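Chain residues, written in single-letter form:
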Amino acid sequence: AQAYSGRPAEEAAGENQPDVVRILWEASTEQMHLAGEASIHEEGYAALREGASIQLDIPLTQAQSCQVGLRYRIPEQQRRAAVVQMTVGTGEATRHELSPAYTYTYGADGKMEQDAQGNDILPEQNRAAGFLTAPLRLPDYLQGETYAVDFAAGTNTVTLTIAEGELEVASVFLFTAQ
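Report on the accompanying structure. (Residues numbered from 1 in each chain as written. Predicted model: local features only at pLDDT ≥ 70, side-chain atom pairs only at ≥ 80, totals over all residues. Heavy atoms only, no water.)

**Here's the deal with a nonpolar patch on the surface**
1) Next: A grouping of Tyr104, Tyr106, Met112 and Leu122 is seen on the molecular surface, where their side chains present a nonpolar patch of about 440 Å² in accessible area.
2) Next: On the secondary structure map, Tyr104 appears in strand 10 (residues 102–105). (Patch = residues over 30% accessible without salt bridge, like charges linked within 9 Å, V, L, I, M, F, W, Y side chains within 5 Å. Areas by Shrake-Rupley, 256 points an atom, 1.4 Å probe, with all protein chains shown as cover. Salt bridge = Lys/Arg side-chain N within 4 Å of Asp/Glu carboxyl O. Helix = DSSP H or I, 4+ residues; strand = E, 2+ residues; numbered from the N terminus.)

**Overview of the pairing of strand 13 (residues 147–151)**
1) Next: Of all the five residues making up strand 13, four are buried; the element is thus mostly covered by neighbouring parts of the structure.
2) Next: In the sheet, strand 7 (residues 64–73) pairs with strand 13 via four bridges, with the strands oriented antiparallel. Paired with Gln64 across the two strands is Phe151, which belongs to strand 13. (Buried < 20%, exposed > 50% of the residue type's maximum accessible area, 1.4 Å probe, protein only. Pairing = 2+ DSSP bridges.)

**Some remarks on the nonpolar core**
1) Next: Among the nonpolar cores identified, the biggest contains 31 residues, and Leu70, Phe151 and Leu167 are the most heavily contacted of them.
2) Next: Where this core is concerned, the elements lending two or more residues are strand 2 (21–27), strand 5 (45–48), strand 6 (53–60), strand 7, strand 8 (82–88), strand 13, strand 14 (154–164) and strand 15 (167–177).
3) Next: The contacts of Leu70, once residues within four sequence positions are left out, are Leu98, Leu132, Thr133, Ala134, Leu136, Leu160, Leu167, Val169, Ser171, Val172 and Phe173. (Core = buried A, V, L, I, M, F, W, Y, C linked by side-chain atoms within 4.5 Å. Contact = heavy atoms within 4.5 Å.)

Following this line, the structure appears as structure tokens:
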């Protein structure tokens with residue numbers, strides 16, 4: 001039986017803007033099976049280079065449509081997004097892009113400064129420190145649209161492979177939006 005089919009989460013949940021997120025399952029580094037150039041750091045995260053993967057066995061008592069999220073960070077020296085391929089069971093791999101987060105410093109009044117010709121000067125861009133928590137999204141997602149996966153009852157094997165870049169992962173979780 002194929003355990004994977006994906007669709008926008010709003011279609012799966014029947015709502016456009018959910019108010020509550022319910023975590024159904026979460027794995028820390030202790031539950032992660034690593035392959036390739038990957039290692040567990042004593043600070044509690046897995047460091048993965050391009051081509052490395054995390055395999056997880058997710059036990060569910062009933063079939064569920066869930067979203068998959070990560071608590072991650074992109075290594076400081078990497079300036080581009082990381083691309084993760086996710087495979088559920090024997091299904092097709094889907095590609096997901098994970099970007100670093102940035103904050104912006106505007107002028108004293110909170111507005112963009114302008115040059116002598118009246119053109120906006122882009123604000124100072126500062127990379128956010130620490131781990132980010134975010135759902136996996138398809139590269140062509142619409143604003144606010146996440147991606148739901150239909151998981152089967154029983155043990156579901158999920159493999160996350162780093163297709164491009166490097167990534168540090170503290171946890172992987174399944175959640176529903178209600």
